[in-house]
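The lines below spell out each chain.
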Amino acid sequence: QGQFCSEAGLVRASTPPPPLALRRRPVPALASSVGRTAVAMGKKPAAKKDAPAEEAPAAAGGADAPAQGGDAPGQRSPEQLKELAKYDLTSKMTPFLDRHLIFPILNQVQESGIYKTEDVTRVELQLLAETWMIDYACDRYEGIGEEPPASLTDRREDILEKLASCRNHVMRLLEILEDDEKVKRISTFKSIGELCDAFDIEPEMVDELVTYAKMQFDCGNYELSSQLLKHYRNMPQASETMTPKQITALWGSAASALLLKEFQGDDSASELIFKLDEYLENAKAPKSEVLLHRTWLLHWTLFAIFWHDKPDPKLMDFLLNEKSLSIISLSCPHLFRYVGAVLILQKRLKHLVKDTVWIIHHEAATYSDPVTRFLLALYTEMDYDDAQHELQRCEQVCLSDCFLRDHWNEFQENARLHIFESYCRIHQCINIQMISSKLNMEAEEAELWIVKLIQNAKLDARIDSEKSRVVMTKAPPNVYQQVIEKTKNLAFRSTMLVSNMDKEKAEKASR
């Protein structure tokens with residue numbers, strides 16, 4: 001039998017391999033992502049009731065695994081660990097993540113050494129209590145030296161029985177989906193009724209396919225779940241308006257794509273995120289519900305941006321657009337860390353730095369960390385000593401952050417470039433010894449770094465070796481940029497002018 005109908009798939013789904021240590025790029029395997037799905041399969045997201053924001057383990061001195069790229073946990077002082085725990089966003093982010101997406105984060109939190117290994121494992125077990133990944137739960141109990149409860153064995157048999165029952169119910173449809181010729185015919189049908197008549201199946205079986213896909217997702221079989229949901233989404237629908245089942249399938253497909261790291265192709269994680277954004281744009285639902293769904297979507301977008309070597313530029317534009325920044329300000333200001341990180345990591349977004357930093361400055365009372373304070377010190381206060389101090393703090397924050405830990409070298413390089421470019425705007429001659437202190441580099445290292453910038457055409461300047469200084473070349477004024485600066489607020493000012501004129505007319509008419 002094929003991949004959809006096989007009995008072996010039932011056992012494989014509920015017996016994931018031992019958890020894999022997340023390497024340079026987090027690759028969630030069946031064992032490293034567990035739990036039942038809420039929004040991923042289309043249910044309304046329960047913001048804090050369903051997610052363990054308050055279950056984040058208390059800060060403690062040391063896990064066993066070293067933080068990637070940084071000091072081993074044993075080399076960090078209790079004061080350093082306490083400082084890192086203060087900037088850990090796990091408890092703030094988990095209310096907006098599917099449980100399957102929480103486990104890769106917990107694995108990296110454990111590696112960072114901020115919390116005790118046993119504390120993190122206890123949180124995992126609390127999340128696993130309602131999942132179908134029974135063998136993985138047994139592994140976690142054994143990891144802390146405890147015997148798994150006997151009830152887990154009974155649950156495993158019950159889960160296998162439910163999977164087999166649901167599979168038998170949709171067996172006829174699964175057989176059709178394994179026939180390439182029949183799959184090609186599906187796109188030619190204009191309605192579900194026509195499809196059911198042609199293949200002699202019941203309409204209820206089509207909807208039941210989503211239930212079966214959800215079961216496979218709950219077991220950690222993301223590949224099979226993704227394929228089943230893709231087939232369902234390609235089937236003809238009764239109306240142009242998305243049904244709850246379609247929304248279910250879309251969220252489930254997005255979750256599976258993120259966990260499988262499918263970032264390329266027509267059904268990639270980024271494309272599914274854009275489809276969800278389009279649906280929410282036109283959704284006829286209460287504004288509070290749409291706001292909550294968009295908050296979930298922004299959190300999910302971080303996986304597609306920071307887990308991929310070359311993320312889709314449209315994803316970063318989505319994160320930094322005016323609507324997304326408004327949602328971040330309203331419901332999840334902690335995401336300003338990643339807004340700031342994207343501005344620093346992506347050189348093509350320099351034109352957005354000024355306006356975005358102004359928003360970060362406006363929300364500084366709500367959220368602040370070394371990443372946001374670095375940008376504020378550099379672009380708002382023009383305090384280069386403070387910027388250099390915050391950049392040093394950024395190292396520990398980034399190396400302990402589940403999304404930024406693999407980007408620290410690039411982050412540091414680009415942050416230094418931001419400091420240097422900002423300094424160059426207000427100085428024509430720059431002493432190398434002095435700028436090296438601003439960049440937290442040795443003088444020779446700073447000179448070599450500046451030479452590379454000039455050679456790579458990133459800097460229009462020359463080095464005066466006799467006087468040990470950098471001489472900037474005066475750039476002619478950019479007329480195009482000047483026009484943009486003077487006219488970017490024109491629409492807003494025009495709207496305010498019309499509004500004031502209308503008020504004045506209304507006042508005159510009332511006299």
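What you see is a predicted model; the values in this text were computed from it and never measured. (Residues numbered from 1 in each chain as written. Predicted model: local features only at pLDDT ≥ 70, side-chain atom pairs only at ≥ 80, totals over all residues. Heavy atoms only, no water.)

Trainee: How should the packing of aromatic side chains be read in this particular structure?
Mentor: Each aromatic ring pair is characterised by the separation of its centres together with the angle its planes make. Counted under the stated rule, the structure contains 11 aromatic pairs. With 5.1 Å between their ring centres and 85° between their planes, Trp251 and Trp300 make a pair best called edge-to-face. Of this pair, Trp251 sits in helix α13 (residues 244-259) while Trp300 is found in helix α15 (residues 287-306), placing the two residues 49 residues apart along the sequence. With respect to class, Trp251 is no different from Trp300; both count as buried. Here the aromatic cluster, defined as three or more aromatic residues joined through ring pairs, consists of Phe303, Phe306, Trp307, Tyr338 and Phe403. (Phe/Tyr/Trp six-rings, centres within 6.5 Å; stacked < 30°, edge-to-face > 60°. Helix = DSSP H or I, 4+ residues; strand = E, 2+ residues; numbered from the N terminus. Buried < 20%, exposed > 50% of the residue type's maximum accessible area, 1.4 Å probe, protein only.)

Trainee: Would you explain the confidence of the model for the protein chain in this entry?
Mentor: Note: predicted coordinates in regions of low pLDDT should not be interpreted at a detailed level. Per-residue pLDDT for the protein chain averages 79, and the proportion of residues at 70 or more is 79%. No element of the protein chain has a lower mean pLDDT than helix α1 (residues 8-14), which averages 35, and none a higher one than helix α18 (residues 336-345), which averages 96. Low pLDDT (under 50) marks residues 7-70, which in the prediction has 200 contacts with non-local residues, meaning those over four places away or in another chain. (pLDDT = per-residue confidence, 0-100. Contact = heavy atoms within 4.5 Å.)

Trainee: In this structure, what is going on with the pattern of salt bridges? I would like to understand it.
Mentor: A side chain with one charge may pair with a side chain of the opposite charge, provided their charged atoms come close. Applying the stated criterion to the full structure yields 18 salt bridges. Arg156 is the salt-bridge partner of Asp135, the closest N and O atoms lying 3.5 Å from each other. In this pair, Asp135 is assigned in helix α6 (residues 134-143) and Arg156 in helix α7 (residues 151-169), connecting sequence segments 21 residues apart. Residue Arg156 is classed as buried on the basis of its relative accessible area, which comes to 19%. (Salt bridge = Lys/Arg side-chain N within 4 Å of Asp/Glu carboxyl O.)

Trainee: Help me understand a negative patch on the surface, please; the structure alone is not making it clear to me.
Mentor: A surface patch of like charges, here negative, comprises Glu194, Asp197, Asp200, Glu202, Glu204 and Asp207. Going through the elements one at a time, α10 (192-199) and α11 (203-218) are the ones with two or more residues in the negative patch. (Patch = residues over 30% accessible without salt bridge, like charges linked within 9 Å, V, L, I, M, F, W, Y side chains within 5 Å. Areas by Shrake-Rupley, 256 points an atom, 1.4 Å probe, with all protein chains shown as cover. Lys, Arg positive; Asp, Glu negative; His and termini not counted. Charge placed at Lys NZ, Arg CZ, Asp CG, Glu CD.)

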